[in-house]
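Inside the fold
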Amino acid sequence: MSPGSASPLEPGRASRTFPLVKAAVCTRYGPPEVVRITDVDKPVAAENELLVKVDATTVNRTDCGYRAAKPFILRFFTGLRRPKPKRRVLGTEFAGEVEAIGSSVTSFEVSDKVFGYVEGPFGAHAEYLTTREDASVATVPANATVEEAAASTEGSHYALANIRAAKISSGQHVLVNGGTGAIGSAAVQLLKSLGAHVTAVCSTEHVALVERLGADRVIDYLAADFTKDDQTYDVVFDAAGKSSFGRCKRLLKPKGIYLSTELGPFPQNPILALITPLFRGKRVLFAIPRHDQEMVNHIKGLIESEAFKPVIDRRYPLNEIVDAYRYAETGQKIGNVVISVADRVDQLL
Ligand SMILES: NC(=O)c1ccc[n+]([C@@H]2O[C@H](COP(=O)([O-])OP(=O)(O)OC[C@H]3O[C@@H](n4cnc5c(N)ncnc54)[C@H](OP(=O)(O)O)[C@@H]3O)[C@@H](O)[C@H]2O)c1
C-alpha cells in the first residue's frame with residue numbers, strides 16, 4: 001500500500017495500531033491551498049516492493065497539473081470528480097533510503113540510497129512511499145546529492161522522450177525555447193551530450209546559466225523575437241510551450257521537426273502531429289513520455305558521466321509545500337523546486 005492509498009486520520013478516532021507518517025494530501029482538485037499536511041498510515045512493502053524513507057522530492061509542473069486537474073483529461077487517471085483515495089498524495093520524484101524490502105525483491109537491499117519517478121501511483125510528497133522493484137527506480141549515483149537525485153527525473157524524462165521521438169543526433173541544429181525550465185535545462189544538457197548544436201532561448205537574467213549548461217548560442221527573448229531568427233534548424237523544441245508550429249515553421253529546415261511540451265491552446269499539437277507527416281515536409285511531433293527502469297538508469301548514467309546535473313532553484317521543507325506549489329506554477333521557476341522531507345522532524349514536531 002502506498003501513502004496515496006492511506007486515508008487521512010479521521011477526527012476523533014481514538015487509537016491506531018499501526019504507525020502514522022506525514023504526507024501532503026489533496027482530497028479535491030484546485031489551487032495550491034487544497035494541499036494539507038496530515039497523518040497517513042505508514043505504507044507496507046508488498047512482496048515485490050521497496051519501502052523508501054523519502055529524504056527529498058520535488059514540486060514540478062506535473063504535480064501542478066494533477067493537483068489542479070488541468071488539462072481536464074488528467075481526471076481520467078486520478079478520479080473524475082475528486083482524487084481517488086489511492087491518488088491523494090501527489091509527488092512524482094523521490095530520493096531516499098530503502099527501509100524494507102518485500103520477500104521477492106532481489107535487485108535492491110535495505111539501506112540502499114535510491115531515486116526514481118512515480119507518476120501514476122504518485123506518493124512522493126510523504127515521509128514514506130512504496131515502489132515496485134522493477135519500476136522507475138535506481139540507486140543514487142555516487143556523484144549526486146540526494147536533492148539532485150530527487151530532481152533528476154521529471155524534466156529530464158520529458159526532454160529525453162522528445163529527443164528520442166525526433167531521433168536527434170550529433171551535428172544536428174536544435175533550438176530549445178525555454179532553456180531554463182525543468183524540461184528545457186535538461187534538454188540543453190542532453191542535446192549537448194548527443195553532440196547537437198544547441199541554440200537556447202531564455203530571458204536576459206538567465207543567459208549566463210544557459211551558457212553554463214552548454215548552449216552554443218543564446219537568444220534573449222526580451223531583446224529579440226526568436227521566431228524571426230535568420231538561422232534554420234533541424235528541430236525546434238519548445239520546452240516552455242509558448243510558441244506554435246505556425247510561428248516556428250519558417251525556422252525549420254525542409255524536413256524539420258517542431259516539438260512542444262504543451263498541447264497548444266486549441267489544443268492543436270497532437271492533431272498536427274497526425275496531419276503534418278502526411279505532407280512529407282516540415283512536421284509536428286508530439287512525444288508521449290515513457291518512464292521505466294531503463295529511463296532512470298539512462299539518466300543515472302548521464303549524471304555519472306557528468307553530462308547532466310539538474311538545476312535546483314528553491315528548496316522548501318515538507319510543511320511549506322503549499323508555497324512550493326505557488327512558486328512552481330508561476331511558470332518562472334528555474335529548473336527544479338526541491339522539497340526537503342528530511343527536514344520534516346524539526347519542522348513538524
Ligand atoms: N500537464 C502536464 O502534466 C505537464 C507536465 C510537465 C510539463 N508541462 C508543461 O511543459 C512546460 C515546461 O515545463 P517545465 O517544468 O520545464 O517548466 P518550468 O520549469 O515551470 O519553466 C519555467 C521557465 O520557463 C521560462 N519561460 C517563462 N516564460 C517564457 C517564455 N515566454 N519564453 C521562453 N521561456 C519562458 C522561464 O525562464 P526565463 O525567465 O529565462 O524565460 C522559467 O525558467 C510547461 O508549459 C508545463 O506546463 C506540462
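What counts and what doesn't
Residues numbered from 1 in each chain as written. Predicted model: local features only at pLDDT ≥ 70, side-chain atom pairs only at ≥ 80, totals over all residues. Heavy atoms only, no water. Helix = DSSP H or I, 4+ residues; strand = E, 2+ residues; numbered from the N terminus. Rg over C-alpha atoms; globule rule 2.2 N^0.38 Å. Buried < 20%, exposed > 50% of the residue type's maximum accessible area, 1.4 Å probe, protein only. Axes fitted to C-alpha atoms, helices over the stretch in contact; angles between N-to-C directions. Parallel < 35°, antiparallel > 145°, perpendicular 65-115°, else oblique. Contact = heavy atoms within 4.5 Å. Nonpolar A, V, L, I, M, F, W, Y, C, P; charged D, E, K, R; others polar. pLDDT = per-residue confidence, 0-100. Pairing = 2+ DSSP bridges. Patch = residues over 30% accessible without salt bridge, like charges linked within 9 Å, V, L, I, M, F, W, Y side chains within 5 Å. Areas by Shrake-Rupley, 256 points an atom, 1.4 Å probe, with all protein chains shown as cover. Salt bridge = Lys/Arg side-chain N within 4 Å of Asp/Glu carboxyl O. Near = heavy atom within 4 Å. Polar contact = N/O pair within 3.5 Å; in protein donor to acceptor, adjacent residues only side chain to side chain. Left-handed = near helix turned anticlockwise from the far one by under 90°.

1. A closer look at the overall build of the protein
Helix and strand counts for the protein come out as 11 helices and 15 strands. Scaling as 2.2 N^0.38, a compact globule of 349 residues should have a C-alpha radius of gyration of about 20 Å, and the protein matches this with 21 Å. Dimensions of the protein along its principal axes, counting C-alpha atoms only, are 70 × 40 × 40 Å. Buried residues in the protein amount to 54% of all 349 residues.

2. Topic: the packing of helix α4 (residues 154–165) against helix α9 (residues 293–304)
Axis separation between α4 and α9 bottoms out at 11 Å; the angle between their running directions is 100 degrees. As summarised for this structure, α4 and α9 are arranged roughly perpendicular, according to the angle between their axes. Where α4 approaches α9, its residues Ser156, His157, Leu160 and Arg164 are matched on the opposing element by Glu294, Met295, His298 and Ile299. Considering only residue class, the contact of α4 with α9 consists of three nonpolar, three polar and two charged.

3. Overview of unusual backbone geometry
Leaving glycine aside, a negative phi is the common case for residues, and trans is the common case for peptide bonds. That bond from Lys70 to Pro71 is cis: its omega, 5 degrees, falls within 30 degrees of zero. Mapped onto the fold, Pro71 is located in the loop between α1 (61–68) and α2 (75–78). For the peptide bond that leads from Phe266 to Pro267, omega is -10 degrees, which places it in the cis range. With respect to the secondary-structure elements, Pro267 resides in the loop between β12 (252–260) and α8 (269–275). Phi is positive for Arg280, close to 60 degrees, though the residue is something other than glycine.

4. What to know about the confidence of the model for the protein
For the protein, mean pLDDT is 94; residues scoring 70 or higher make up 93% of the total. Note that residues 1–14 has pLDDT below 50 and, in this model, 32 contacts with residues that lie over four places away or in other chains. Counted against residues more than four places away or in other chains, residues 345–349, with its pLDDT under 50, gives six contacts.

5. Notes on the sheet that holds strand β10 (residues 217–220)
Here we have six strands laid out as an open sheet, ordered β10-β9-β8-β11-β12-β13, and parallel in their pairing. What marks the edges here is a single partner per strand, and that holds for β10 and β13 (283–285). Mean inter-strand twist for the sheet, computed between neighbouring axes without regard to direction, equals 20 degrees. The pairing of strand β8 (residues 173–177) with strand β11 (residues 233–238) spans four bridges and is classified as parallel. Paired with Val176 across the strands is Phe237, a residue of β11.

6. Quick look at a nonpolar patch on the surface
Residues Phe72, Ile73, Phe76, Phe77 and Leu80 make up a contiguous nonpolar surface patch of about 570 Å² in total accessible area. Along the polypeptide, Phe77 turns up in helix α2.

7. Considering the site of the ligand
Taken together, 25 residues lie around the ligand, and Arg61, Thr180, Tyr221, Glu262 and Lys333 are the ones closest in. Contact distances for the ligand include 3.4 Å between an oxygen atom and a side-chain N or O atom of Gln332. Summarising the interface, the protein chains cover 89% of the accessible area of the ligand, which totals 920 Å² for the free molecule. Elements represented by at least two residues in the shell around the ligand include exactly α1, α4 and α5 (182–194). In terms of residue class, the shell around the ligand is built from nine nonpolar, 11 polar and five charged.

8. Remarks on the pattern of salt bridges
For the coordinates displayed, the defined rule picks out 18 salt bridges. Put simply, Asp234 and Lys253 hold a salt bridge, and the shortest N to O gap is 3.4 Å. Taken as a pair, Asp234 in strand β11 and Lys253 in strand β12 lie far apart in primary sequence, 19 residues in all. Between Arg326 and Asp323 there is a salt bridge, with its nearest N and O atoms 2.6 Å apart. On the criterion of helical spacing, the pair formed by Arg326 and Asp323 is a turn pair, its members being three residues apart in helix α10 (residues 321–328).

9. Regarding the pairing of β12
Across five bridges, the pairing between β11 and β12 is parallel. From the neighbouring strand, Asp238 faces β12, where its bridge partner is Ser260. Note that β12 and β13 share three bridges and pair parallel. Paired with Leu259 across the two strands is Leu285, which belongs to β13.

10. Observations concerning the packing of α4 against α5
Contact pair α4 / α5: the axes reach a minimum separation of 8 Å and the direction vectors enclose 50 degrees. What the angle tells us is that α4 and α5 run oblique. Every pair of crossing elements has a handedness; the one defined by α4 and α5 is right-handed. Side by side, α4 and α5 meet where Glu154, Gly155, Ser156, Tyr158, Ala159, Leu160 and Ile163 of the first sit next to Ala182, Ile183, Ala186, Ala187, Leu190, Leu191 and Leu194 of the second. Partitioning the contact of α4 with α5 into residue classes produces 11 nonpolar, two polar and one charged.

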